[in-house]
Amino acid sequence: MHIDIPEGQEPIGYVWGEMVPGIGMAAANFSLSVYEHTTLGLREFEAARLRIAQINGCLFCLDWRTEREGQQVEEEFADAVTQWRTTDAFDDRTRLAAEYAERYALDHHGLDEEFWTRMTAHYSQHEIVELSMSIGSWLAFGRLNHVLGLDAVCVLPTH
């Protein structure tokens, strides 16, 4: 870890809640809102989230699996996300979600008309904005946790 955490403090709670409460709490609320208010299907949501986790290298994010109404993606899903171009495990929306996440993170200037034609054929404008905000959240906060070394000391919440 690259910052000092007082003994007995939970690292994420301390950094986000106590070190910079004016920023950290707003960031935490944004991060939680992505999960609480999404209208996206679980598979496309997780495809985009996991692709960002893979790009960021956030250990916590790589281990996390979003759960909705007792449902999670299958065990092999993360491997399929890595192979989003060729996997037969994805429908068009899920594949596009993984592609969008990767391109958003690595080549946002390269999002051309051909991509947007495919994207708007499968996603509404509302869904595109929601997915864009979600990807932005995961990119920023997963990267923040990894850069500061918090991802190696995070504890997954029990369900």
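Structural notes, computed from the coordinates. (Residues numbered from 1 in each chain as written. Predicted model: local features only at pLDDT ≥ 70, side-chain atom pairs only at ≥ 80, totals over all residues. Heavy atoms only, no water.)

A closer look at the side chain of N145
Okay, so step 1: On the secondary structure map, N145 appears in helix α8 (residues 125-148).
Okay, so step 2: Judged by relative accessible area, which is 8%, N145 ranks as buried.
Okay, so step 3: In this structure, N145 is in contact with I12, W16, C58, L150 and D151, ignoring residues within four places of it in sequence. (Helix = DSSP H or I, 4+ residues; strand = E, 2+ residues; numbered from the N terminus. Buried < 20%, exposed > 50% of the residue type's maximum accessible area, 1.4 Å probe, protein only. Contact = heavy atoms within 4.5 Å.)

Side note on the side chain of R49
Okay, so step 1: Residue placement: R49 occurs in helix α3 (residues 42-56).
Okay, so step 2: Overall, the relative accessible area of 3% leaves R49 in the buried class.
Okay, so step 3: Once residues lying within four places of it in the same chain are set aside, the contact partners of R49 are Y35, C61, W64, R65, T66 and W138.

As for the packing of aromatic side chains
Each pair of aromatic rings is reported with the distance of its centres and the angle of its planes.
Okay, so step 1: A complete count under the given rule lists twelve aromatic pairs for this structure.
Okay, so step 2: Between the aromatic rings of Y100 and Y104, the centroid separation amounts to 5.8 Å while the plane-to-plane angle is 85 degrees, which identifies the pairing as edge-to-face. Taken together, the positions of Y100 and Y104, both in helix α6 (residues 92-106) and four residues apart, correspond to about one turn of that helix.
Okay, so step 3: Residue class for Y100 comes out buried when judged on its relative accessible area of 3%. (Phe/Tyr/Trp six-rings, centres within 6.5 Å; stacked < 30°, edge-to-face > 60°.)

Section: the packing of helix α1 (residues 11-19) against α8
Okay, so step 1: Between α1 and α8, the shortest axis-to-axis distance is 12 Å and the interhelical angle comes to 115 degrees. Judged by the angle between their axes, α1 and α8 are roughly perpendicular. Seen along the crossing, α1 lies across α8 with a hand that is right-handed. Between α1 and α8, the contacting residues are I12, V15 and W16 on the first element and F141, L144, N145 and L148 on the second.
Okay, so step 2: Across the contact of α1 with α8, the residue classes tally to six nonpolar, one polar and no charged. (Axes fitted to C-alpha atoms, helices over the stretch in contact; angles between N-to-C directions. Parallel < 35°, antiparallel > 145°, perpendicular 65-115°, else oblique. Left-handed = near helix turned anticlockwise from the far one by under 90°. Nonpolar A, V, L, I, M, F, W, Y, C, P; charged D, E, K, R; others polar.)

Observations concerning the pattern of salt bridges
Okay, so step 1: As enumerated under the stated definition, the model contains ten salt bridges in all.
Okay, so step 2: Between E102 and R85 there is a salt bridge, with its nearest N and O atoms 2.7 Å apart. With E102 in helix α6 and R85 in the loop between α5 (77-82) and α6, this residue pair connects regions lying 17 residues apart in the sequence.
Okay, so step 3: R93 serves as the salt-bridge partner of E127, at 3.1 Å between the closest nitrogen and oxygen. (Salt bridge = Lys/Arg side-chain N within 4 Å of Asp/Glu carboxyl O.)

Observations regarding the nonpolar core
Okay, so step 1: Counting residues in hydrophobic clusters, the biggest one holds 30 residues, and the most contacted among them are M119, Y123, L131 and I135.
Okay, so step 2: Once residues lying within four places of it in the same chain are set aside, the contact partners of M119 are L96, Y100, I128 and L131.
Okay, so step 3: Counting residues in each nonpolar core, the second largest holds eight residues, with V15, A27, F141 and L150 among its members. (Core = buried A, V, L, I, M, F, W, Y, C linked by side-chain atoms within 4.5 Å.)

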